[in-house]
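# Inside the fold
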Amino acid sequence: MKNIFIAGITGSIGTQAIDIIRAFNNSFQLAGFTFHSNVKSAEKIINEFNPEFIIATLESSFLSLKTKFPEKNIYFGINECTKIIENQHFDIVLNAIVGAAGLPVTYSTVKNQKRLALANKESLVTAGEIIMPYAKKCEIIPVDSEHSAIFQCIQGENNNNIKKLWLTASGGPFLNSKKDFKDILPEEALKHPNWDMGAKISIDSATMMNKGLEVIEAYHLFNVDYENIFITVHPESIIHSMVEFTDGSFKAQLGATNMKGPIQLSFTYPERFPMKTYDFDIFKISKLNLLKPDFKKFSCLNLAFNAGKNGTSHCIALNASNEAAVEAFLKKHISFNQIPVVIEKAIEKYGDIKYSSIEHIITEHKNIYNCVKDSII
Ligand code: NDP
Ligand code: MG
């Protein structure tokens, strides 16, 4: 029986991870979790799984849950969470928190635990340089579908034989849209054609910043130069990503557009358990398109590639300002086409701060996020 701790259990990835635990309750048990605002879901999870470690990262949620379960040990705050990860044994920590708020979980896990199942891409975007050296001790199994695909494609291969990584991108809801980007509404941008995801990653997919963040994530996970990481638009989202080898051969990983595949693999690897939570009919696919991305229309792609090439400080400014811009767009404080403008300005202003530690990155990320947020309102 493997003990699983899930950070960000109430979100899209967290909820799907619970389905995997339910489907294999002889192999996995929920040992603990964090959540932020969704007290109702947290209550249900406690009643169903009775986990030992429960952490609310928002004070009002903590107080409300505490009155409902006075007999249980409920903790408050991300620092309590990192202490628990540092002092308890979990077989797997799944980090499914959204945004750079997930960085402390990634860091405490790679320092103290055996396996990190990583959905929270923002922690590698902002601190990949510091996190990755720990991967020799702690296994990092990517959950992001593209990186899970590449991880599967390179098993048994010699890294020197990798020529290029090809990240597939759905293109989001505006791939073929002729609509002026300034007129796009949050409710339109939230409607992803293939995936049902949290709000932030849905907007990131609409601007294609999600693919940009994934390029930086891939750079850190697989140690491949930016010049050799490519994006291809694949509207069907069946090919989850590909690796091109020096001998001209390509390996691709294909599957349903369902995150339960990569989540389950991150729990079972190196084993493969039967898929119990969805069916996939390969005959329903009639075409697999691979198209060139439009860097002009989706300028966030260029911003991310450039930030990656310019190093950690640019990536922190990119990520912090993107988080602030996406929130502002969702609240209708800025228009869709202003998202890349806000980010570009922030990189110019904050891109040269030097970082020496995770604590420093966390503090500065918050500062940049707050400054960008204040400058918008
Ligand atoms: P959601 O928004 O659906 O869920 C986010 C989770 O994080 C929730 O449990 C939420 O709690 C919690 N949370 C929100 N704010 C904070 C905070 N400030 N501090 C601590 N916890 C917080 O996101 P997704 O599940 O869609 O995405 C999670 C991560 O996985 C992201 O990094 C995303 O990029 C990545 N990912 C997601 C995919 C998907 O299909 N959804 C695919 C590939 C990667 P609560 O709900 O209680 O407020
Ligand atoms: Mg992805």
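Source: prediction; values computed, not measured.

Turning to the site of ligand 1, a few remarks are in order. In the region of ligand 1, 24 residues are neighbours, and Thr10, Ser12, Ser37, Asn38 and Glu122 sit closest. One of the backbone N or O atoms of Asn38 is found 2.9 Å from an oxygen atom in ligand 1. A distance of 2.7 Å separates an oxygen atom of ligand 1 from a polar atom in the side chain of Glu122. For ligand 1, the protein covers 86% of the area, taking 900 Å² as the surface of the free molecule. For the shell around ligand 1, the secondary-structure elements that each account for two or more residues are α1 (12–23) and α6 (121–131). The class makeup of the residues in the shell around ligand 1 is eleven nonpolar, ten polar and three charged.

Quick look at the environment of Phe305 now. Topologically, Phe305 is positioned in helix α12 (residues 300–310). Between the alpha carbons of Phe305 and Glu214 there is a distance of 10.0 Å; along the sequence they are 91 residues apart. Those residues within four positions of Phe305 in sequence are excluded, and the remaining contacts are Val215, Tyr226, Ile229, Ile231 and Phe295.

Another point: helix α10 (residues 209–222). With 14 residues, α10 ought to run about 20 Å at 1.5 Å a step, and its terminal C-alpha atoms sit 20 Å apart, in line with that. The buried fraction of α10 amounts to 13 of the 14 residues, a majority that puts the element mostly inside the structure. Immediately downstream of α10, the backbone of Asn223 shows phi near 55°, a positive value.

Turning our attention to the sheet that holds strand β3 (residues 53–56). Pairing within the open sheet is parallel, and its seven strands lie in the order β4-β3-β2-β1-β5-β6-β7. At either end of the open sheet lies a strand with only one pairing partner, and these are β4 (74–76) and β7 (139–142). In this sheet, neighbouring strand axes are inclined to one another by 25° on average, regardless of whether the strands run parallel or antiparallel. In this structure, strand β2 (residues 28–35) lies alongside β3, joined through four bridges in parallel fashion. Considered in β3, the bridge of Gly32 is made with Phe53. The strands touched by helix α5 (residues 103–112) are β1 (2–7), β5 (92–95), β6 (115–118) and β7; relative to β6, the strand with the most contacts, the crossing angle is about 150°.

Parameters and conventions
Residues numbered from 1 in each chain as written. Chains lettered and ligands numbered in written order. Predicted model: local features only at pLDDT ≥ 70, side-chain atom pairs only at ≥ 80, totals over all residues. Heavy atoms only, no water. Near = heavy atom within 4 Å. Polar contact = N/O pair within 3.5 Å; in protein donor to acceptor, adjacent residues only side chain to side chain. Areas by Shrake-Rupley, 256 points an atom, 1.4 Å probe, with all protein chains shown as cover. Helix = DSSP H or I, 4+ residues; strand = E, 2+ residues; numbered from the N terminus. Nonpolar A, V, L, I, M, F, W, Y, C, P; charged D, E, K, R; others polar. Contact = heavy atoms within 4.5 Å. Expected span 1.5 Å × (residues − 1). Buried < 20%, exposed > 50% of the residue type's maximum accessible area, 1.4 Å probe, protein only. Pairing = 2+ DSSP bridges. Axes fitted to C-alpha atoms, helices over the stretch in contact; angles between N-to-C directions.

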